[in-house]
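Residue-level structure breakdown
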Amino acid sequence: MSSSNEMSDEALALQWEAAASEAEMDMDMAAPASTPQSTAAQPEKGVSNENVDRNLDAVLGIPVDMQVVLGSATMPVASLLKLGRGAVIPLDHRVGEPVDIVVNGRTVARGEIVVVEDDNSRFGVSLTEIVGAKGSYN
């Protein structure tokens, strides 16, 4: 793996982490001040912080399947069989519309397609919206 690919992957990971942190901060600011903190976030009695950190590291290391959905199309099998080299399949998304970022089959964010700065031959996604369980956080 070349160092430019590693740098790009690291940069994308940092951008993803920053967007997730912003969404978490927005959620914390939206919560009422009088709501007591959940005990689920605190370690149980007899569980050390070291064990919690080790468990968290194990979870954070789990690979997930991530897709950027540019659009989709539906066509009959007969039309599919007629496709050949150079055929264009129109998608349901238009130019300029945000693309969906799907992790393990669930839409988690939306963004815009960009050209990666370090390597003009690669595309990336600039996150514009984090999608929560009950809506979205900008």
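Description of the structure in this document. Just so you know, these numbers come straight off a predicted model, no measurement behind them.

Across its full length, the chain carries 3 helices and 5 strands. Reading the chain from its N end, one meets helices and strands in the order α-α-β-α-β-β-β-β. Considering the chain as a whole, with its 138 residues, one finds that 14% of them fall into the buried category. Put simply, 39% of the contacts in the chain that link residues at least 6 apart link residues at least 24 apart. Of the accessible surface of the chain, which amounts to about 11,400 Å², a share of 55% is contributed by carbon and sulfur atoms.

What follows is about the nonpolar core. Judged by nonpolar contacts, V99, I101, V103, V108, A109, V125 and I130 together constitute the single largest core of 7 residues. For this core, the secondary structure elements donating two or more residues are β2 (99-103), β3 (106-115) and β4 (123-132). The dominant element in this core, judged by the number of residues it contributes, is β2, at 3 residues. Ignoring anything within four residues of it in the chain, the contact list for V103 reads V64, D65, M66 and V108.

Right, let's get into the pattern of salt bridges. Tallying each qualifying case throughout the model produces 2 salt bridges. R110 is the salt-bridge partner of D100, the closest N and O atoms lying 3.2 Å from each other. Of this pair, D100 sits in strand β2 while R110 sits in strand β3, and the two are 10 residues apart along the sequence. On the accessibility criterion, R110 (26% relative accessible area) is partly exposed. A single network of salt bridges, built from pairs that share partners, joins D100, R110 and E129.

Each value, and the rule that gives it
- Residues numbered from 1 in each chain as written.
- Predicted model: local features only at pLDDT ≥ 70, side-chain atom pairs only at ≥ 80, totals over all residues.
- Heavy atoms only, no water.
- Helix = DSSP H or I, 4+ residues; strand = E, 2+ residues; numbered from the N terminus.
- Buried < 20%, exposed > 50% of the residue type's maximum accessible area, 1.4 Å probe, protein only.
- Contact = heavy atoms within 4.5 Å.
- Areas by Shrake-Rupley, 256 points an atom, 1.4 Å probe, with all protein chains shown as cover.
- Core = buried A, V, L, I, M, F, W, Y, C linked by side-chain atoms within 4.5 Å.
- Salt bridge = Lys/Arg side-chain N within 4 Å of Asp/Glu carboxyl O.

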